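What follows is the residue order along each chain.
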Amino acid sequence: QVQLVESGGGLVQPGGSLRLSCAASGFNFDYYAIGWFRQAPGKEREGVSCISTSGSSTYYVDSVKGRFTISRDNAKNTVYLQMNSLKPEDTAVYYCATDCYYRGVVVTTRPFASWGQGTQVTVSS
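This write-up is about the structure you can find in this document.

What counts as what
Residues numbered from 1 in each chain as written. Predicted model: local features only at pLDDT ≥ 70, side-chain atom pairs only at ≥ 80, totals over all residues. Heavy atoms only, no water. Disulfide = S-S within 2.5 Å. Helix = DSSP H or I, 4+ residues; strand = E, 2+ residues; numbered from the N terminus. Buried < 20%, exposed > 50% of the residue type's maximum accessible area, 1.4 Å probe, protein only. Salt bridge = Lys/Arg side-chain N within 4 Å of Asp/Glu carboxyl O. Core = buried A, V, L, I, M, F, W, Y, C linked by side-chain atoms within 4.5 Å. Contact = heavy atoms within 4.5 Å.

## Describing the state of the cysteines
Structurally, a disulfide amounts to a covalent bond that connects the sulfur atoms of two cysteines. Taken as a whole, this structure holds two disulfides when the rule is applied. Between the sulfur atoms of C22 and its disulfide partner C96 the distance amounts to 2.0 Å. What sets the handedness of the C22 and C96 disulfide is the S-S torsion sign, and at about 75 degrees it is right-handed. Residue C22 is located in strand β3 (residues 18-25), and its partner C96 is located in strand β9 (residues 92-98); the two are separated by 74 residues in the primary sequence. By relative accessible area, C22 is classed as buried at 0%. Across a sulfur-sulfur distance of 1.9 Å, C50 and C100 are joined as a disulfide pair. Sign of the S-S torsion, about 85 degrees for the bond between C50 and C100, identifies this disulfide as right-handed.

## So, the pattern of salt bridges
Side chains bearing opposite charge may pair, as long as their charged atoms lie close to each other. Counting across every chain of the model gives four salt bridges. Note that D90 and R67 form a salt bridge whose closest N and O atoms lie 2.7 Å from each other. Here R67 lies in the loop between β6 (58-60) and β7 (68-73) and D90 lies in the loop between β8 (78-83) and β9, a separation of 23 residues in the sequence. Here D90 and R67 have matching classes, each one buried. Within this structure, R38, E46, R67 and D90 form a network of salt bridges that share partners.

## Looking at the environment of P41
Its place among the elements puts P41 in the loop between β4 (34-39) and β5 (46-51). By relative accessible area, which is 77% here, P41 ends up exposed. Residues P41 and R19, 22 residues apart in the sequence, show an inter-C-alpha distance of 21 Å.

## Describing the nonpolar core
Residues W36, F68, V79, L81, M83 and Y94 are the most contacted members of the largest nonpolar core, which totals 34 residues. Residue assignment for this core shows that the elements contributing at least two residues are β3, β4, β5, β6, β7, β8, β9 and β12 (119-123). Sequence-distant contacts of V79, that is, excluding residues within four places in its chain, are made with L20, S21, C22, F29, I34, W36, I51, I70, S71 and R72.

Okay, structure coming up:
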């Protein structure tokens, strides 16, 4: 069975940093692009970043570009999201998912993507 498990969330002050991890199992990890998504209360889920199978290509939505860095270690079946210069508006539950891609300015997934359960990121003083 496909499993994705996010970790690394927490409470940080504005300007702080967090590193999220997405640990995958149950599938051929290195065959899949992996994305990070987030959802704040009362808002639609938003794709924030996507990384290609090899890690050679990355994409970020404008709101996180320059602050977030996605990476992957295929030997560890893990994708990371380094989040720097965090802002209160980054507060959300962050999810990782398979089969990400981007169209225009939007990061999304193919129809039958697998998702983790999410990890809470709260940016507040």
